[in-house]
Amino acid sequence: MSEGSNVKFSDAEALAFHAEGRPGKIEIIASKPMATQRDLSLAYSPGVAVPVRAIAEDPSKAYDYTAKGNLVAVISNGTAILGLGNLGALASKPVMEGKAVLFKRFADVDSIDLELDTEDSDAFINAVALMEPSFGGINLEDIGAPACFIIEQTLRERMNIPVFHDDQHGTAIITAAGLINACYLTNRKLAEIKVVVNGAGAAAIACTELIKAMGVRGDNVIMCDRSGVIHRGRTDLDQWKSAHAAETQHRTLGEALKGADVFLGLSAAGALKPEMVVEMAKQPIIFAMANPDPEITPPEAKAARPDAIVATGRSDYPNQVNNVLGFPFIFRGALDVRATAINDEMKIAAAQALAELARQQVPEEVTAAYGGKAHSFGVDYIIPAPFDPRLMELVPAAVAQAAMDSGVARFPIKDMTAYRAALRSRLNPTNAVLSLAYDAARANPKRVIFAEGEEDVVLRAAIQFRDGGYGTPVLVGRDSVYDRLRALGVDDPESFELLNSRTFPHVGEMTDYLYERLQRRGYLRREVARMVKQDRNIFAALLLAMGKGDALITGVTRPYGQNMRQLLRVLDPKPACTPFGIHILIGQHHTMFMADTTVTERPSAEQLADMAEQTAAVARRMGHEPRVAFISYSTFGNPEGSFLENLREAVKLLDKRQVDFEYEGEMAPDVALNPAMRDIYPFSRLTGAANVLIMPGLQSANISAKLLRELGGDAVIGPVLVGMKHPAQVSAMTASASDLVTLAVLAAGGIVE
Ligand SMILES: NC(=O)C1=CN([C@@H]2O[C@H](COP(=O)(O)OP(=O)(O)OC[C@H]3O[C@@H](n4cnc5c(N)ncnc54)[C@H](OP(=O)(O)O)[C@@H]3O)[C@@H](O)[C@H]2O)C=CC1
Ligand SMILES: CC(=O)C(=O)O
Ligand SMILES: [Mg+2]
């Protein structure tokens, strides 16, 4: 990967990522139950006939009875795949699947990729136009110029749903937002800047048109293609290029850039040379947006001109000017008002919302993602990051409002405040927090001790952890670990830090330390010395206690309880704290935190109340306002039973402690989670479904967590261990390499502690 980039992976990893499990990146999931004969009769024949007739009578009912209203087709013929060129429809599929998952991930828009095997514009247009009934919108992608201009224009005229060529307008909107802010930071006026656009294709032409419409003067823009400057004397230009032909003596990109304020690259990797950057005006603005590799890398550009503001299309450098900031949110707004088109008013509203958002105070989670470096609007933060949680509220709302104001909304929003609240809760914040935790780890890499360095799954995790740039893995194991690493494809195994208790120089000190702790707990010095040398958990925990690492991960080779007992010989819980385990269950729209799933068989009232407080704190750190339910088979005394007293006592303790979150109990899980059941208990203090479930005992907690992991559709993180003085984590024995990496990232980042 490129110099200075903070995300590293090999080609083999990129292929393995796409091949792993179900090949590709998307699957379709039924949104209704399909369990019984009755379900099938309703979903299909005969029940389905009823909505069929209703839609035939009134086509707008398709939005009520089918997925149309939230479904966008991502359509390409592969003639301009990123900056890789014309590699055909089939080869474009990974990118189109990628766009489809970004729609879902960032804006909860359902999306399907369609690759059409034709370079005949008429055939393409007919195929797309015929699909109008299926979709709420059409996102055209990676179709080369000039065919893309004709295709989009014709489809916009023929279709009554939004048709949006992302490479043109998505890119133009983000570029405009970034340019507004870069000019603001360098005290420039759009009407005065001299701009050189490299590339004269879909993205470049649309960006140029938009910035000219926003006030950049036509005679201050020079566009270049592969043959150099597009000037009035050229006879090889089509109508789209000649509309931007300049009256100029310059013939090459290098000449055009002398004294220029702005470089907009929408061409190909490496097209901008450092010697050209040197010749640009003071504080040059360089947007090198070619993908996957930019026209110039930020380190190269900054080396040539330290005063430059540099942006790329990639997520692994600061200032990502990429249409991913646009299309998910623009379609969200357009779909929500059933817009017939995405017009200029909606595009400008999106660009302004993005530009303004970057200037607002940066929320803590975004600052963390920038490693605490870019606390505010500035040269390394001219545009919001795609995982900024505010995008989902602000951009769709601005787009929907513009659609209503410009008369293309078929289903105007009546209550904008309620709409914005609905947007905020539409995405599960855990996903954003997890991405942020990964980014924060990259920005502030820590040393994580992997106690079971002789296990392949652990070594795969350590490789991912290191290559992902999250930190330095410290492996505990014998020298044979190097052979295992080599067998796993690592060329330079010795570059991993491996600590072997047999040869570690500080074993004597470690033994003294541990003997001091254990001499009055029935251990002889020689037993302690043997433990230090032979037990990897003891040795690893001593490394953590003595500051040789920032966090510790163990768990795949021994049962949970055994790992805990060993760790507790060396490490202390936090003062007045009983450590406990949380399973975090993550669905598309919800996250649930369940505790104690791993340690205390019959927690006391005091322990239950402590757990509630600490689990609520973890929920908050993961972006959720906690609503705690103390779970039982009984709800508010019905039925009565012998084990309920400590749950009730825990509620009273929280009353006394005057905690700042909602809690209630005892209650059965259906009362905690199902709004209809909660209505039966109007005095309950929970204002919504509980998201923190404090279980009455280890039996029910551990069984529930494991059942949910094995049977449920949700992703599960954990168990995560809370309440230790040092960040030590014990994984499930069945943990995968990526489970271990997540635990390492959460532990090192202090999200669970
Ligand atoms: N960051 C982002 O969000 C986005 C980035 N892009 C990137 O922009 C680039 C172009 O995409 P798109 O417009 O869809 O593709 P097109 O195929 O429509 O256009 C490509 C253009 O780039 C020009 N070009 C290629 N190589 C060079 C070079 N070395 N010097 C000057 N011009 C060159 C071509 O010139 P000619 O006309 O002479 O063939 C053509 O005008 C790609 O790298 C793509 O990844 C695109 C969309 C979004
Ligand atoms: C980002 C994008 O759409 C492209 O590079 O084509
Ligand atoms: Mg594209």
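The structure displayed is predicted, hence computed values, not measured ones.

Student: Tell me about the overall build of the chain, and please be specific about residues and values.
Tutor: The number of helices and strands found in the chain is 31 helices and 21 strands. Along the longest, intermediate and shortest principal axes, the C-alpha atoms of the chain span 95 × 70 × 45 Å. Every one of the 753 residues in the chain was classed for burial, and the buried ones make up 46%. If you take every contact in the chain between residues at least 6 apart in sequence, the share linking residues at least 24 apart comes to 70%.

Student: I'd love a proper account of the site of ligand 1, names of residues and values included.
Tutor: Taken together, the neighbourhood of ligand 1 is formed by 29 residues, with Gly 83, Gly 201, Asp 225, Ala 290 and Gly 313 sitting nearest. Elements with a contribution of two residues or more to the shell around ligand 1: α8 (166–185), α9 (202–213) and β6 (221–225). Counting residues per element, the shell around ligand 1 draws most heavily on α9, which supplies three residues. For the shell around ligand 1, a count of residues per class yields 14 nonpolar, twelve polar and three charged. No fewer than three residues from each of domain 1 (11–161) and domain 2 (169–325) sit in the shell around ligand 1.

Student: Could you give an account of the domain arrangement of the chain, with specific residues and numbers?
Tutor: Accessible area lost upon the coming together of the parts serves often as the stated size of an interface. Here the chain is described as being made up of domain 1 (11–161), domain 2 (169–325), domain 3 (440–570) and domain 4 (580–723). Once you take the C-alpha centre of each, domain 1 and domain 4 turn out to be 40 Å apart.

Student: Would you mind going over the pairing of strand β10 (residues 309–312) in detail, with residue names and values included?
Tutor: Every second residue of β10 is oriented toward a common face, with Ile 309 and Ala 311 on one face and Val 310 and Thr 312 on the other, all of them buried. You can see the chain leave strand β9 (residues 285–288), run along helix α13 (residues 298–304) and come back into β10, and the turn it takes is right-handed.

Student: Run through the pairing of strand β1 (residues 71–76), naming residues and quoting values.
Tutor: Across the six residues that make up β1, a large majority, five, are buried. Note that β1 and strand β2 (residues 110–115) share six bridges and pair parallel. In the strand pairing of β2, Leu 71 is matched with Asp 110. Remark: the β1/helix α5 (residues 93–107)/β2 crossover connection has right-handed handedness. Summarising the sheet, β1 and strand β3 (residues 137–140) pair through four bridges and their orientation is parallel. When the bridges of β3 are listed, Ile 75 appears paired with Leu 140.

Student: Go over the UniProt feature "binding site: NADP(+)" (unreviewed entry) in the chain, please, and point to the residues and values.
Tutor: Look at the UniProt record and you will see "binding site: NADP(+)" (unreviewed entry) annotated at Ile 81, Leu 82, Gly 83, Leu 84, Gly 85, Asn 86, Leu 87 and Gly 88. Relative to the elements of secondary structure, Gly 83 occurs in the loop between β1 and α5. The residues touching Gly 83, leaving out its near neighbours within four places in the chain, are Ala 268, Ala 269, Ala 290 and Asn 291. You can see Leu 87 is positioned in the loop between β1 and α5. Owing to 15 C-beta atoms within 10 Å, Leu 87 belongs among the partly exposed residues under this scheme.

Student: Now, about the UniProt feature "active site" (unreviewed entry) in the chain: what can you tell me, with residues and values included?
Tutor: With numbering matched to this structure, UniProt assigns "active site" (unreviewed entry) to Lys 99. Note on placement: Lys 99 falls in helix α5.

Student: Kindly report on the site of ligand 2, identifying the contributing residues and their values.
Tutor: Near ligand 2 you find Leu 82, Asp 142, Asp 166, Asp 167, Asn 291, Gly 313, Asn 322 and Asn 323, and these make up its full shell. A per-class count over the shell around ligand 2 returns one nonpolar, four polar and three charged.

Student: Any details on the packing of helix α17 (residues 391–405) against helix α18 (residues 416–424)? Residues and values, ideally.
Tutor: Look at α17 against α18: their axes get within 9 Å of each other, and the N-to-C directions meet at 140°. The orientation of α17 with respect to α18, classified from their angle, is oblique. The handedness of the crossing between α17 and α18 comes out as right-handed. Contacts from Met 392, Glu 393, Pro 396, Ala 397, Ala 400 and Gln 401 of α17 reach α18 at Met 416, Tyr 419, Arg 420, Leu 423 and Arg 424. Its residues assigned to classes, the contact of α17 with α18 comprises seven nonpolar, one polar and three charged.

Student: Account for unusual backbone geometry, with residues named and values stated.
Tutor: Here the residue pair Ala 145 and Pro 146 is connected by a cis peptide bond, since its omega of 0° sits within 30 degrees of zero. Its place among the elements puts Pro 146 in the loop between β3 and α7 (147–158). Put simply, Gly 718 and Pro 719 share a cis peptide bond, and its omega is 10°. Notably, Gln 283 is not glycine yet its phi reads approximately 45°, a positive angle.

Student: Could you give an account of the environment of Arg 466, naming the residues involved and the relevant values?
Tutor: Tracing the backbone shows Arg 466 in helix α20 (residues 456–467). Taking the C-alpha atoms as reference points, Arg 466 and Ser 642, 176 residues apart in sequence, are found 51 Å from one another. Ignoring anything within four residues of it in the chain, the contact list for Arg 466 reads Thr 472 and Pro 473.

Student: So, the nonpolar core: which residues are in play, and what are the values?
Tutor: Formed by 122 residues in total, the largest nonpolar core has its most connected members in Ala 350, Leu 354 and Val 399. Among the elements that make up this core, the one with the highest residue count is α17 (ten residues). Each of two domains, domain 1 (11–161) and domain 2 (169–325), supplies a minimum of three residues to this core. Contact partners of Ala 350, with chain neighbours within four places excluded, come to Ile 173, Gly 326, Ile 330, Val 395, Ala 398 and Val 399.

Student: Give a detailed account of the sheet that holds β6, specifying residues and quantitative values.
Tutor: By way of backbone hydrogen bonds, the strands of a sheet pair with one another, either parallel or antiparallel. With mixed pairing, the six strands of this open sheet are ordered in space as β7-β6-β5-β8-β9-β10. Looking along the sheet, the strands with just one partner apiece sit at the ends: β7 (228–229) and β10. Alignment of β6 against β7, held across two bridges, turns out to be antiparallel. Opposite Asp 225, over in β7, you have Gly 228 as the bridge partner.

Student: Describe in detail the packing of helix α26 (residues 605–621) against helix α27 (residues 645–657), supporting the description with residues and values.
Tutor: Their axes nearest at 8 Å, the elements α26 and α27 cross at an angle of 55°. Compared by their axis directions, α26 and α27 come out oblique. Crossing of α26 over α27 shows right-handed handedness. Between α26, through Ala 605, Glu 606, Leu 608, Ala 609 and Ala 612, and α27, the contact on the second element is made entirely by Asn 646, Leu 647, Glu 649, Ala 650, Leu 653 and Leu 654.

Student: Let's hear about the sheet that holds strand β16 (residues 591–595): which residues, and what values?
Tutor: Reading across from one edge, β18-β17-β19-β16-β15-β20 is the order of the six strands in this open sheet, with mixed pairing throughout. Unpaired on one side and paired on the other, β18 (662–667) and β20 (715–722) mark the two borders of the sheet. Looking at each pair of strands side by side, their axes are set apart by 20° on average, direction ignored. Here five bridges tie strand β15 (residues 580–586) to β16, and the two strands are oriented antiparallel to one another. Bridged to Ile 582 within β16 is Ala 595. Contacts between α27 and the sheet are confined to β17 (627–631) and β18, with β18 contributing the most and set at about 165° to the helix. Strand contacts of helix α30 (residues 698–711): β15, β16 and β20, with the helix running at about 145° to β16, the strand carrying the most contacts.

Reading the values: rules and limits
- Each chain carries its own residue numbering, running from 1 in the direction its sequence is written.
- The order in which chains are written sets their letters, starting at A; the order in which ligands are written sets their numbers, starting at 1.
- A pLDDT threshold of at least 70 governs which residues receive local features in this predicted model, and a stricter bar of 80 or more applies before side-chain atom pairs are shown or counted, although totals over entire chains, interfaces and linings include all residues.
- Helix and strand assignments come from DSSP, with helices taken as H or I runs of at least 4 residues and strands as E runs of at least 2, each series counted from the N terminus.
- Labels follow a simple rule on C-beta atoms placed from the backbone: if 20 or more others lie within 10 Å of a residue's own, it is buried; if 12 or fewer, it is exposed; otherwise it is partly exposed.
- Contact between two residues is assigned when their C-beta atoms, built from the backbone, lie within 7 Å.
- Whether a residue is near a molecule or strand depends on its C-beta atom, placed from the backbone, lying within 6 Å of it.
- Throughout this entry, Asp, Glu, Lys and Arg are counted as charged residues, while Ala, Val, Leu, Ile, Met, Phe, Trp, Tyr, Cys and Pro are counted as nonpolar. The remaining residues, Gly among them, count as polar.
- Throughout the structure description, domain borders are defined by an automatic or database domain assignment.
- When the strands point away from the viewer and the connection leading from the first strand across the helix to the second strand turns clockwise, the crossover is called right-handed.
- By the convention used here, strands pair only if DSSP detects at least 2 bridges between them.
- UniProt positions are given in the numbering used here, feature names are shortened, and annotations may be inferred rather than shown by experiment.
- For helices, the axis comes from a line fit to the C-alpha atoms of the stretch in contact; other axes are also lines fit to C-alpha atoms, and the angle between any two N-to-C directions lies between 0 and 180 degrees.
- When an angle is under 35 degrees it counts as roughly parallel; over 145 it counts as roughly antiparallel; between 65 and 115 it counts as roughly perpendicular; any other value is oblique.
- Crossings are sorted by hand: turned counterclockwise from the far helix by less than a right angle, the near helix makes the crossing left-handed, and turned clockwise it makes it right-handed.
- Remark: nonpolar core denotes a set of buried Ala, Val, Leu, Ile, Met, Phe, Trp, Tyr and Cys residues whose joining runs through C-beta atoms within 7 Å.

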